[in-house]
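Residues per chain, in single letters:
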Amino acid sequence: MASAAERRELLKAVYQEARGCVACALHETRTSVVFGAGNADAELMFVGEAPGANEDLQGLPFVGQAGRLLEQLLAEIGMQRDDVFIANTLKCRPPGNRDPHPHELEACRRYLDRQLELIEPTVVCTLGNFATKLLRGEPTGISRIHGQAEVRTIGPRTVRLYPLYHPAAALYTPSTLAMLREDFSRIPEILALGQPATEVSPVQPPGPVAEPVDDPAATVEQDQLGLF
Ligand code: URA
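Source: prediction; values computed, not measured.

The next point concerns the pattern of salt bridges. Applying the stated rule across the entire model yields 15 salt bridges. One salt bridge connects Arg109 with Asp113, and the closest N-O pair in it is separated by 3.1 Å. Of the two residues, Arg109 and Asp113 both sit in helix 4 (residues 102–119), 4 residues apart, roughly one turn of that helix. Take Asp113: its relative accessible area is 18%, and that puts it in the buried class. With a shortest N-O distance of 3.2 Å, Arg152 and Glu150 are connected by a salt bridge. The class for Arg152 is buried, based on a relative accessible area of 11%. Here Glu150 falls in the buried class, since its relative accessible area comes to 9%. When salt bridges with common partners are traced through the structure, they connect Arg7, Arg8, Asp41 and Glu120 into a single cluster.

Below, the structure written as structure tokens:
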């Protein structure tokens, strides 16, 4: 495990790499690479969709109206931006804020995986459909699974994945805002569960019986996933 200083240096190196990225055509239209921002030691990480026009200009994630709502919701649970790390599935703005294309998500994925590996969050909140589908690797939409925490291994890291509505979707729809606020209010209790035990493969190789999982919350969640 890297020290706090090493982790910052390693993250900066990944950022430098991303700044020169030409893995997809979005590099042709971007003003900046919006790598992500926040606390490199965060227990809580948010993954949004993609930078918009303001983010592209400023080089920072969630700086517009949706970002202000995110900050307000964080304040309601006693947290602020500096306590968390905020990233996106795509680091470059899709022109006209169109939806991310599958090959762009694939090309950008390695940066998100490196961020998860280095920051080592305990809880990852996906914001909206794109981040939720990408990180769960399943097509289930956000309206069916928002507010349901589950233990998931995402690339290099086993975390408590907590899908939330995207704040932009809540800006003009009071019922969505109410659900987002309700889901948000449960973040502290999910954080309090701590780091989940590493996900166990459903197909056990022959050999000694697997170690019992000593995290009761993880056991329940993994049962719900049908892993045991
Ligand atoms: N919406 C996102 O998904 N990400 C941002 O950074 C801004 C708006």
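Further remarks concern the pairing of strand 6 (residues 157–164). Burial within strand 6 is extensive, with 8 of its 8 residues counted as buried. What you see with strand 6 is no split at all: Arg157, Val159, Leu161 and Pro163 on one side and Thr158, Arg160, Tyr162 and Leu164 on the other are buried throughout. When strand 4 (residues 123–127) meets strand 6, the two strands line up parallel, connected through 5 bridges. Counted as the bridge partner of Thr126 is Pro163 from strand 6. Connecting strand 5 (residues 150–154) to the antiparallel partner strand 6 that follows it, the hairpin turn spans 2 residues, and Gly155 within it adopts a positive phi of roughly 50°.

Here we take up the site of the ligand. The environment of the ligand is made up of Gly48, Glu49, Ala50, Glu55, Pro61, Phe62, Asn88 and His166. Protein chains bury 90% of the 240 Å² of accessible surface belonging to the ligand in isolation. Looking at side-chain class alone, the shell around the ligand contains 3 nonpolar, 3 polar and 2 charged residues.

Once that is clear, we can look at unusual backbone geometry. You will see that Phe62, though not glycine, has its phi angle at about 50°, which is positive. Unusually for a residue other than glycine, Asn97 sits at a positive phi of about 60°. Among the structural elements, Asn97 can be located in the loop between strand 3 (85–88) and helix 4.

Let's shift gears to the nonpolar core. Grouped together as the largest cluster of nonpolar side chains are 31 residues, with contacts concentrated most on Met45, Val47, Leu112, Val124 and Leu135. For this core, the secondary-structure elements that each account for two or more residues are helix 1 (4–19), strand 2 (44–48), strand 3, helix 4, helix 5 (128–136) and strand 6. Looking at this core element by element, the count peaks at 8 residues for helix 4. Leaving out residues up to four positions away in the same chain, Val47 has contacts with Ala87, Asn88, Thr89, Leu112, Val124, Cys125, Thr126, Leu127, Ala131 and Leu135. In this structure, Leu44, Leu73, Tyr162 and Leu180 belong to the second largest nonpolar core, which totals 25 residues.

Reading guide: rules and limits
- Residues numbered from 1 in each chain as written.
- Predicted model: local features only at pLDDT ≥ 70, side-chain atom pairs only at ≥ 80, totals over all residues.
- Heavy atoms only, no water.
- Salt bridge = Lys/Arg side-chain N within 4 Å of Asp/Glu carboxyl O.
- Helix = DSSP H or I, 4+ residues; strand = E, 2+ residues; numbered from the N terminus.
- Buried < 20%, exposed > 50% of the residue type's maximum accessible area, 1.4 Å probe, protein only.
- Pairing = 2+ DSSP bridges.
- Near = heavy atom within 4 Å.
- Areas by Shrake-Rupley, 256 points an atom, 1.4 Å probe, with all protein chains shown as cover.
- Nonpolar A, V, L, I, M, F, W, Y, C, P; charged D, E, K, R; others polar.
- Core = buried A, V, L, I, M, F, W, Y, C linked by side-chain atoms within 4.5 Å.
- Contact = heavy atoms within 4.5 Å.

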